[in-house]
Amino acid sequence: MTHVEDELSSQPECWTRAAAEAGEHAGALPVPGERVAIVGCGTSYFMAQAVAALREGSGQGETDAFAASEFPYGRPYDRVVALTRSGTTTEVLELLEKLRGRTRTSALTADPATPVMAAADDVVVLDFADERSVVQTRFATTALTLLRAHLGLHTDAVVADARTALGTPLPEGLVDCTQFTFLGRGWTVGLANEAGLKMREASLAWTEAYPAMEYRHGPISITTRGTATWMLGDAPDGLAEQVRGTGGLWVAGGLDPLAELVRAQRLAVAVAAARGLDPDRPRHLTRSVILAP
């Protein structure tokens, strides 16, 4: 078993623990009414997109998501939340340093022995969800679960769906597809982006991700026999039938969208295995991007 497989399989337990501990970290996380920005790089940026949509959609305050390198320093925020598994990512640390003394900052990390501990005003350490793998799985979803629980939006059904996602075979023929498109709506757009990234990182697959209603505005033109379109969350009316009409494989997201992401992680590993690739050694990637001065 690869590190990626081992770590993605442990997600139900990690989520259960994160949800149980969410109350302990309330003082380090945004409160209702704050204007908040959530930042990250790569996978963490896509988790930021999901959390921002969840928070604002639940009426707890205006919330934006940015790649750390693209943060708009001219905008006023009550708090900036940084997601960083390694605690060493250059762009995140530079952002936190620039905000020091100007804006309250919080960080969620997996490693308490890293520079982010001193760079942020408040830190939440999820060391039980740390990973050996380069390809992120459980830390990202555990951080999202903690924040989802903090917002009052997590239930035990999410964990049950994750167990189903791990124990149910992938749809027949899916691994053999040559192209994969992931779709989301609202908070699941970030999850769709992350699903696509997992496929590219682990299996070098041709993948794309879009808001579901945007799919008809051009991207559906690539859909044909041998391609797959996977919906995370509820699909727009008529879209499944339209995709099937192209000859493409439609994958409905019947589980909680975060559990659907677990299924997509499994697909990335399965496609890697089918192509003779090692998902623990993704091409051109390292566990953290640390830029030389």
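Whatever comes next refers back to the structure up there.
Remember, it's a predicted structure, so these values are computed and weren't measured experimentally. (Residues numbered from 1 in each chain as written. Predicted model: local features only at pLDDT ≥ 70, side-chain atom pairs only at ≥ 80, totals over all residues. Heavy atoms only, no water.)

Student: Explain the overall build of the chain to me, please; I cannot follow it from the model alone.
Tutor: In terms of regular secondary structure, the chain is built from 10 helices and nine strands. At 18 Å, the chain has a C-alpha radius of gyration in line with the 19 Å of a compact globule built from 293 residues. Structurally, the chain occupies a C-alpha span of about 55 × 40 × 40 Å along its principal axes. Total accessible area computed for the chain in this model is approximately 12100 Å², and 51% of it derives from carbon and sulfur atoms. Within the chain, one finds 26 positive and 36 negative side-chain charges whose respective centroids are separated by 3 Å. (Helix = DSSP H or I, 4+ residues; strand = E, 2+ residues; numbered from the N terminus. Rg over C-alpha atoms; globule rule 2.2 N^0.38 Å. Areas by Shrake-Rupley, 256 points an atom, 1.4 Å probe, with all protein chains shown as cover. Lys, Arg positive; Asp, Glu negative; His and termini not counted. Charge placed at Lys NZ, Arg CZ, Asp CG, Glu CD.)

Student: Help me understand the packing of aromatic side chains in this model?
Tutor: How two aromatic rings sit relative to each other is given by the distance of their centres and the angle of their planes. Taken as a whole and assessed by the stated rule, the structure comprises seven aromatic pairs. Note on Phe71 and Tyr77: the rings are 5.9 Å apart at their centroids and 45° apart in plane angle, and the pair reads as tilted. The two residues Phe71 and Tyr77 agree in class, both being buried. Judged by centre distance (5.7 Å) and plane angle (35°), the ring pair of Phe182 and Trp230 falls under tilted. Taken together, the residues Phe182 in strand β6 (residues 179-184) and Trp230 in strand β8 (residues 227-231) connect sequence positions 48 residues apart. Feature note: the residues Phe66, Phe71, Tyr73 and Tyr77 constitute an aromatic cluster, connected by ring pairs. Sitting above the plane of the Tyr77 ring, Arg35 keeps its charged end 4.7 Å from the centroid. (Phe/Tyr/Trp six-rings, centres within 6.5 Å; stacked < 30°, edge-to-face > 60°. Buried < 20%, exposed > 50% of the residue type's maximum accessible area, 1.4 Å probe, protein only. Lys NZ or Arg CZ within 6 Å of the ring centre and 35° of its normal.)

Student: Hey, could you run me through the packing of helix α6 (residues 138-150) against helix α10 (residues 257-274) in this one?
Tutor: Between two packed helices, the angle of one axis relative to the other and the distance separating the axes together describe the packing. At a minimum axis separation of 11 Å, α6 and α10 run at an interaxial angle of 180°. Compared by their axis directions, α6 and α10 come out roughly antiparallel. Between α6 and α10, the contacting residues are Thr141, Leu144, Thr145 and Arg148 on the first element and Leu258, Leu261 and Gln265 on the second. Partitioned by chemical class, the residues of the contact of α6 with α10 number three nonpolar, three polar and one charged. (Axes fitted to C-alpha atoms, helices over the stretch in contact; angles between N-to-C directions. Parallel < 35°, antiparallel > 145°, perpendicular 65-115°, else oblique. Contact = heavy atoms within 4.5 Å. Nonpolar A, V, L, I, M, F, W, Y, C, P; charged D, E, K, R; others polar.)

Student: Would you explain the pattern of salt bridges in this entry?
Tutor: Side chains that carry opposite charge are capable of pairing whenever their charged atoms lie near each other. Going through the model one piece at a time under the given rule, you end up with 14 salt bridges. Its salt-bridge partner being Arg100, residue Glu97 comes within 3.5 Å of it at the nearest N-O pair. Arg100 gets classed as partly exposed once you look at its relative accessible area, which sits at 42%. Salt-bridge contacts for Glu201 lead to Lys198; the nearest nitrogen and oxygen are separated by 3.2 Å. One end of the pair is Glu201 and the other is Lys198, both in helix α8 (residues 188-203) and three residues apart, which spans about a single turn. Through salt bridges with shared partners, one network takes in Glu34, Arg79, Arg104 and Asp122. (Salt bridge = Lys/Arg side-chain N within 4 Å of Asp/Glu carboxyl O.)

Student: For this particular structure, what's the right way to read empty space enclosed by the protein?
Tutor: Gaps left between atoms show up when a probe the size of a water molecule is rolled over them. This structure, assessed with the given rule, holds one cavity of 30 Å³ or more. In this structure, the largest cavity encloses a volume near 70 Å³. If you go around the largest cavity, the residues you meet are Pro30, Val36, Ile38, Val51, Arg55, Val81, Leu147, His150 and Leu151. For the lining of the largest cavity, the class distribution of residues is seven nonpolar, one polar and one charged. (1 Å grid on protein atoms, 1.4 Å probe; cavity = no way out; pocket = protein on both sides within 12 Å on 5 of 7 lines; lining within 4 Å. Points joined across faces, edges and corners; volume = space filled by probe spheres on them.)

Student: Can you help me understand the nonpolar core in this one?
Tutor: Soluble globular proteins tend to pack their nonpolar side chains together in the buried interior. Core analysis: the biggest nonpolar cluster contains 58 residues, and Leu108, Leu144, Phe180, Phe182 and Leu191 have the highest contact counts within it. Sort the elements by how many residues they give to this core and α10 lands first, with eight residues. Ignoring anything within four residues of it in the chain, the contact list for Leu144 reads Met47, Ala50, Val51, Leu54, Trp187, Leu191 and Leu258. One finds Ala68, Val80, Ala107 and Ala120 within the second-largest nonpolar core, a separate group that totals 17 residues. (Core = buried A, V, L, I, M, F, W, Y, C linked by side-chain atoms within 4.5 Å.)

Student: Help me understand the sheet that holds strand β9 (residues 249-251), please; the structure alone is not making it clear to me.
Tutor: Within a beta sheet, neighbouring strands are joined by backbone hydrogen bonds and run either parallel or antiparallel to one another. What the four strands build is an open sheet, ordered β7-β6-β8-β9; its pairing is parallel. Edge positions in the sheet fall to β7 (206-211) and β9, since each of these pairs with one other strand and no more. Neighbour-to-neighbour, the strand axes of the sheet open up by a mean angle of 20°, direction not taken into account. Pairing between β6 and β8: five bridges, direction parallel. Within β8, the position partnered with Phe180 by the bridge is Ala228. Across the face of the sheet, α8 comes into contact with β6 and β7 while running at roughly 160° to β6. (Pairing = 2+ DSSP bridges.)

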